[in-house]
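Below, each chain spelled out in residue letters.
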Amino acid sequence: MTVHFIGAGPGAADLITVRGRDLLERCQVCLYPGSLTPTDLLAHCPDGARLVDTADLTLDEIVDELVAAHGRGDDVARLASGDPSVYSAVAEQMRRLDAAGVPYDVVPGVPAFAAAAAVLKRELTVPTVGQSLVLTRAQARSTSMPDGETLERFGSTGATLALHLAVNRIEQVVDELLPHYGADCPATVVAHASQPEEQVVRGTLGEIAGLLRAAGITRAATIFVGRVLAAEKFPDSFLYSAGRDRAGQPAPL
């Protein structure tokens, strides 16, 4: 028996990986994160599978379900929104499974920031404009941010920012980033990327808070800040340059 932590993707049922879908189709138990999981995705579960909505469960209750399935010899699909490596709360579940002697593996998924960038039709690493992407969040009613991981410090690098769990702190975000990026820096919010209720708000850092409030977006959104969002005049990447010596080098992806 194995617990499979599976990245369910950003919301659209067809953005789960083939591996994740195949595991979902053969697991006798599926734990999923409430309304964030599309019903079309759960339709891949086999007939008679035990479906457990974890939205209102505590960590202890979730782990109890996983351990109980192990005791029955049932394989488990533990769905996580987006990709399990980012803001998925699987680390504490894995720690407890290790203590209980329950085996598990991890299947990656499409993270929310990648789905949002696809909606925008934007590459987030543009030559000479921005080659770094910082994934972070704003401090809210949640675990404290580690010392040193502040928006001011990240902003001082000028790197492109992708902020999760921050739309309800948009004024705080703007205040902390304005000294580093300037009011004219492009800023964009994508809510419910890949889903029917998808929304996109484009503007500048100086105006994005007002635009976001006017749009009524309060959850499931990614905030981007950075010059790459509007970059047009930049050199071509060296990856496909005619002047590059390709002798003996592997083909680019």
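Read on for an overview of the structure. Quick caveat: nothing in here was measured; it's all calculated off a predicted structure.

Reading the values: the criteria
Residues numbered from 1 in each chain as written. Predicted model: local features only at pLDDT ≥ 70, side-chain atom pairs only at ≥ 80, totals over all residues. Heavy atoms only, no water. Axes fitted to C-alpha atoms, helices over the stretch in contact; angles between N-to-C directions. Helix = DSSP H or I, 4+ residues; strand = E, 2+ residues; numbered from the N terminus. Parallel < 35°, antiparallel > 145°, perpendicular 65-115°, else oblique. Left-handed = near helix turned anticlockwise from the far one by under 90°. Contact = heavy atoms within 4.5 Å. Nonpolar A, V, L, I, M, F, W, Y, C, P; charged D, E, K, R; others polar. Pairing = 2+ DSSP bridges. Buried < 20%, exposed > 50% of the residue type's maximum accessible area, 1.4 Å probe, protein only. Salt bridge = Lys/Arg side-chain N within 4 Å of Asp/Glu carboxyl O.

**Some remarks on the packing of helix H3 (residues 59-72) against helix H4 (residues 90-100)**
(1) Moving on: Running from N to C, H3 and H4 cross one another at 45°; their axes reach a closest spacing of 10 Å. Taken together, H3 and H4 sit at an angle that is classed as oblique. Every pair of crossing elements has a handedness; the one defined by H3 and H4 is right-handed. Between H3, through Leu59, Asp60, Ile62, Val63, Leu66 and Val67, and H4, the contact on the second element is made entirely by Glu92, Gln93, Arg96, Leu97 and Ala100.
(2) Moving on: Looking at the contact of H3 with H4, its residues break down into seven nonpolar, one polar and three charged.

**Some words on the sheet that holds strand E6 (residues 133-137)**
(1) Moving on: Pairing in this open sheet of five strands is mixed, and the strands run E6-E7-E10-E8-E9 from one edge to the other. Each having just a single partner strand, E6 and strand E9 (199-204) make up the two edges of the open sheet. Here the strands of the sheet are splayed against their neighbours by 15° on average, with no regard to which way each runs.
(2) Moving on: Here strand E7 (residues 160-164) runs beside strand E10 (residues 221-225); their pairing, made up of three bridges, is antiparallel. Counterpart to Ala162 in the pairing with E10 is Phe224.

**Re the pairing of E7**
(1) Moving on: For E7, the buried fraction is high: five of the five residues fall into the buried class.
(2) Moving on: Judged by which residues are buried, E7 turns out to be covered on both faces: Thr160, Ala162 and His164 on one side and Leu161 and Leu163 on the other are all buried.

**A closer look at the side chain of Thr160**
(1) Moving on: Within the secondary structure, Thr160 is located in strand E7.
(2) Moving on: If we ignore the near neighbours within four places in the chain, the residues touching Thr160 are Leu124, Ser132, Leu133, Val134, Val225 and Val228.

**Re unusual backbone geometry**
(1) Moving on: Here the phi dihedral of Lys121 falls at roughly 55°; this positive angle occurs in a residue that is not glycine.
(2) Moving on: Here Lys121 lies in the loop between helix H5 (112-120) and E6.
(3) Moving on: With a relative accessible area of 75%, Lys121 lands in the exposed category.
(4) Moving on: Of note in the backbone geometry, His192 takes a positive phi value of approximately 55° without being a glycine.
(5) Moving on: The residue His192 is located in the loop between strand E8 (186-191) and E9 in this model.

**Structural notes on the side chain of His4**
(1) Moving on: Counting through the fold element by element, His4 comes out in strand E1 (residues 3-7).
(2) Moving on: If we skip the residues at most four places from it in the chain, His4 touches Leu23, Cys27, Val76, Ala77, Arg78 and Asp105.

**Quick word on the pattern of salt bridges**
(1) Moving on: Taken as a whole and judged by the stated rule, the model has seven salt bridges.
(2) Moving on: Notably, a salt bridge pairs Glu232 with Arg122, separated by 3.1 Å at the nearest N-O pair. Note that Glu232 is positioned in the segment after E10 and Arg122 in the loop between H5 and E6, a separation of 110 residues in sequence.
(3) Moving on: Judged by its relative accessible area of 60%, Glu232 is exposed.
(4) Moving on: Arg213 is paired through a salt bridge with Glu171; the nearest N and O atoms lie 2.9 Å apart.

**Quick look at the packing of helix H7 (residues 170-181) against helix H8 (residues 208-215)**
(1) Moving on: The geometry of H7 relative to H8 is characterised by a closest axis approach of 9 Å and an angle of 170° between their N-to-C directions. In terms of axis orientation, H7 runs roughly antiparallel to H8. Where H7 crosses over H8, the handedness of that crossing is right-handed. Along its contact with H7, which presents Ile170, Glu171 and Val174, the element H8 presents Ile208, Ala209, Leu212 and Arg213.
(2) Moving on: Class assignment for the residues of the contact of H7 with H8 results in five nonpolar, no polar and two charged.

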